[in-house]
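Chain and residue survey
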Amino acid sequence: MKRVLICSFCVLLSVAMIVFAVASLLDALPKEGKWKGVITQYKPAYPLQPYLIILFYIIGQISILIDVPVLCMTIREEYY
């Protein structure tokens with residue numbers, strides 16, 4: 001049961017990282033004017049924000065690819 005909870009937490013953390021990355025990107029886009037929603041007009045809130053967004057997105061995707069199969073195997077071992 002303990003391993004299932006830990007794996008579930010890791011999956012939720014991965015999803016939260018991806019949501020953070022997408023929300024940060026959408027938040028910095030212009031919301032008005034002729035450049036509304038255009039990614040070429042991206043203005044980061046702090047100097048390294050674009051790199052942090054990319055890093056969180058990549059780590060979140062890799063974690064999803066690792067954590068979901070581990071969660072499935074853990075559930076299969078413990079309950080079947």
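Thresholds applied
- Residues numbered from 1 in each chain as written.
- Predicted model: local features only at pLDDT ≥ 70, side-chain atom pairs only at ≥ 80, totals over all residues.
- Heavy atoms only, no water.
- Helix = DSSP H or I, 4+ residues; strand = E, 2+ residues; numbered from the N terminus.
- Rg over C-alpha atoms; globule rule 2.2 N^0.38 Å.
- Contact = heavy atoms within 4.5 Å.
- Areas by Shrake-Rupley, 256 points an atom, 1.4 Å probe, with all protein chains shown as cover.
- Expected span 1.5 Å × (residues − 1).
- Buried < 20%, exposed > 50% of the residue type's maximum accessible area, 1.4 Å probe, protein only.
- Patch = residues over 30% accessible without salt bridge, like charges linked within 9 Å, V, L, I, M, F, W, Y side chains within 5 Å.
- Salt bridge = Lys/Arg side-chain N within 4 Å of Asp/Glu carboxyl O.
- Axes fitted to C-alpha atoms, helices over the stretch in contact; angles between N-to-C directions.
- Parallel < 35°, antiparallel > 145°, perpendicular 65-115°, else oblique.
- Left-handed = near helix turned anticlockwise from the far one by under 90°.
- Nonpolar A, V, L, I, M, F, W, Y, C, P; charged D, E, K, R; others polar.
- Disulfide = S-S within 2.5 Å.

This part covers the overall build of the protein chain. What the protein chain contains, in helices and strands, is two helices and zero strands. In terms of overall dimensions, the protein chain is more spread out than a globule: its C-alpha atoms have a radius of gyration of 17 Å, far above the 12 Å expected for 80 residues. When contacts within the protein chain are restricted to residue pairs at least 6 apart in sequence, long-range pairs at least 24 apart make up 68% of them. For the protein chain, the exposed area adds up to about 6100 Å²; of that, 74% sits on carbon and sulfur atoms.

Time to look at helix α2 (residues 49–79). The end-to-end C-alpha separation of α2 is 43 Å, in line with the 45 Å expected for 31 residues at 1.5 Å each. Residues Gln49, Ile53, Gly60, Ser63, Asp67, Leu71 and Thr74 constitute the buried set of α2. In this structure, the buried residues of α2 make contact with α1 (2–27).

Before going further, it helps to examine the side chain of Thr74. Topologically, Thr74 is positioned in helix α2. For Thr74, a relative accessible area of 8% translates into the label buried. Non-local contacts of Thr74, meaning those with residues more than four positions away in its chain, are made with Arg3, Val4 and Cys7.

On to a nonpolar patch on the surface. Where nonpolar side chains cluster on the molecular surface, the patch consists of Val22, Leu26, Ile54, Tyr57, Ile58, Ile62, Leu65, Ile66, Val70 and Met73 and spans about 940 Å² of accessible area. For the nonpolar patch, the leading source of residues is α2, giving eight residues. Its location among the elements puts Ile58 in helix α2.

Let us now look at the packing of α1 against α2. Between α1 and α2, the shortest axis-to-axis distance is 7 Å and the interhelical angle comes to 155°. Judged by the angle between their axes, α1 and α2 are roughly antiparallel. In terms of crossing hand, the pair formed by α1 and α2 is left-handed. When the residues that make up the contact of α1 with α2 are grouped by side-chain class, the tally is 20 nonpolar, eight polar and four charged.

On to the state of the cysteines, then. Tallying each qualifying case throughout the model produces zero disulfides. Not part of a disulfide, Cys72 finds its nearest cysteine sulfur in Cys7, a span of 9.6 Å.

Bringing the pattern of salt bridges into the picture now. A full pass over the atoms with the stated rule returns two salt bridges. Residue Glu77 is joined to Arg3 by a salt bridge in which the shortest nitrogen-to-oxygen separation is 3.0 Å. Of this pair, Glu77 sits in helix α2 while Arg3 sits in helix α1, and the two are 74 residues apart along the sequence. The partner of Glu78 in a salt bridge is Arg3, with the nearest N and O atoms 3.5 Å apart. Here the residue Glu78 occupies a position in helix α2, and Arg3 occupies one in helix α1, the gap between them amounting to 75 residues.

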